[in-house]
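Each chain, letter by letter, is given below.
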Amino acid sequence: MREVRLRFCKRGRLKYISHLDINRAMSRALSRADIPLWYTEGFNPHPYMSFSLPLSLGVESLCESLDLRLVGDISNDEIKERLNKVLPEDLSILEVYDDFRDNSEIMYSDYVYKFQFADNEKACKDINNALSQEEILALKKGKKGKKRIMKETNIKPFIDRFNISVRGDMVVLNIRLLAGPEKNLNPSLLFDTIIRLIDTDYEWKSISRISLLDKDYKPFR
């Protein structure tokens with residue numbers, strides 16, 4: 001038995017399907033590609049599959065990863081080739097490798113947000129001002145007893161750095177957020193917070209996760 005990591009991208013229409021659906025899609029593709037997976041023992045055997053960091057609904061990514069345990073003799077190149085033949089459009093394997101780090105080492109994630117507004121220059125300044133405040137209050141769903149309420153949460157400590165500019169007909173925000181098993185900021189919550197704080201209608205958006213980093217800002221692999 002050996003372990004491998006699949007690095008894959010999720011783009012286009014597939015950004016609208018959930019993490020659970022991605023799990024199912026990968027399971028079916030692995031079966032169709034006849035990848036020799038290792039199965040757990042016991043009453044209900046199932047293949048070992050472990051994703052690094054679940055992706056929020058509506059977010060594209062160029063740096064997703066899935067860890068597998070394999071039996072039998074199959075090369076990493078063959079795994080990549082077989083899977084890409086059976087995976088749906090907008091979901092593709094970028095790399096398969098053996099030597100990889102533990103998911104607990106993930107500390108940061110880089111995102112690119114793209115917006116369109118009636119006045120991009122003004123919106124760019126407003127977003128910069130909002131993200132530069134010492135406190136950024138987001139509204140998160142919570143409970144008070146049995147009653148569901150909206151709670152204010154300061155998300156400023158989850159933002160490591162950012163840069164925003166107008167490029168062509170879009171406002172582009174590059175931002176690094178805390179990520180990983182202990183501290184993680186949902187990029188969709190940040191988007192909703194930005195739009196609420198600047199109180200401006202937007203015409204179009206996209207959010208993409210482009211990299212995962214460790215505590216030293218080195219690429220996580």
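Refer to the structure above for everything that follows.
This write-up is about the structure you can find in this document.

Calculation rules
- Residues numbered from 1 in each chain as written.
- Predicted model: local features only at pLDDT ≥ 70, side-chain atom pairs only at ≥ 80, totals over all residues.
- Heavy atoms only, no water.
- Helix = DSSP H or I, 4+ residues; strand = E, 2+ residues; numbered from the N terminus.
- Expected span 1.5 Å × (residues − 1).
- Buried < 20%, exposed > 50% of the residue type's maximum accessible area, 1.4 Å probe, protein only.
- Arc of directions from axis to C-beta.
- Contact = heavy atoms within 4.5 Å.
- Polar contact = N/O pair within 3.5 Å; in protein donor to acceptor, adjacent residues only side chain to side chain.
- Core = buried A, V, L, I, M, F, W, Y, C linked by side-chain atoms within 4.5 Å.
- Axes fitted to C-alpha atoms, helices over the stretch in contact; angles between N-to-C directions.
- Parallel < 35°, antiparallel > 145°, perpendicular 65-115°, else oblique.
- Left-handed = near helix turned anticlockwise from the far one by under 90°.

Some thoughts on helix α1 (residues 19-32)
With 14 residues, α1 ought to run about 20 Å at 1.5 Å a step, and its terminal C-alpha atoms sit 20 Å apart, in line with that. Among all positions in α1, only Ile-22, Ala-25, Met-26, Ala-29 and Leu-30 are buried. Axial view of α1: buried residues confined to an arc of 130°, hence all on one face. Seen from the buried face of α1, the exposed residues on the opposite side, beyond 90 degrees, are Arg-28, Ser-31 and Arg-32. On its buried side, α1 packs onto β1 (2-10), β2 (49-51), β3 (60-70), α2 (76-86) and β4 (91-97). Taken from the residues just after α1, Asp-34 is the one with a positive phi, measuring 55°.

Thoughts on the environment of Glu-64
Among the structural elements, Glu-64 can be located in strand β3. Separated by 99 residues in sequence, Glu-64 and Asn-163 have C-alpha atoms that sit 23 Å apart. Dropping the residues within four chain positions of it, Glu-64 is found in contact with Leu-6, Arg-7, Phe-8, Leu-53, Leu-55 and Arg-209. Side chain to side chain, Glu-64 and Arg-209 meet in a polar contact 2.8 Å long.

Remarks on the side chain of Arg-209
Locating Arg-209 in the fold gives a position in strand β10 (residues 204-213). For Arg-209, the side chain forms a polar contact with the side chain of Tyr-111, separated by 3.4 Å. Excluding residues within four positions of it along the chain, Arg-209 makes contact with Leu-53, Pro-54, Leu-55, Val-59, Glu-60, Ser-61, Leu-62, Cys-63, Glu-64, Ser-109, Asp-110 and Tyr-111.

Re the nonpolar core
Counting 28 residues, the largest nonpolar core has Tyr-113, Phe-115, Ile-127, Leu-131, Ile-175 and Leu-190 as the members making the most contacts within it. For this core, the secondary structure elements donating two or more residues are β5 (108-116), α3 (120-132), β8 (159-167), β9 (170-178) and α4 (187-198). For this core, the element with the highest residue contribution is α4, accounting for 6 residues. Here Ile-127 is in contact with Phe-115, Phe-117, Ile-164, Val-171, Ile-194 and Ile-198, once residues within four sequence places are set aside. Within the second largest apolar cluster, 24 residues are counted, among which are Met-26, Leu-30, Ile-79 and Ile-93.

Thoughts on the packing of α3 against α4
Where α3 meets α4, the closest approach of the two axes is 10 Å, and the angle between their N-to-C directions is 110°. Classified by the angle their axes make, α3 and α4 are roughly perpendicular. Between α3 and α4 the crossing geometry is right-handed. Contact residues: α3 offers Asp-126, Ile-127, Ala-130 and Leu-131, while α4 offers Leu-190, Ile-194, Leu-197 and Ile-198.

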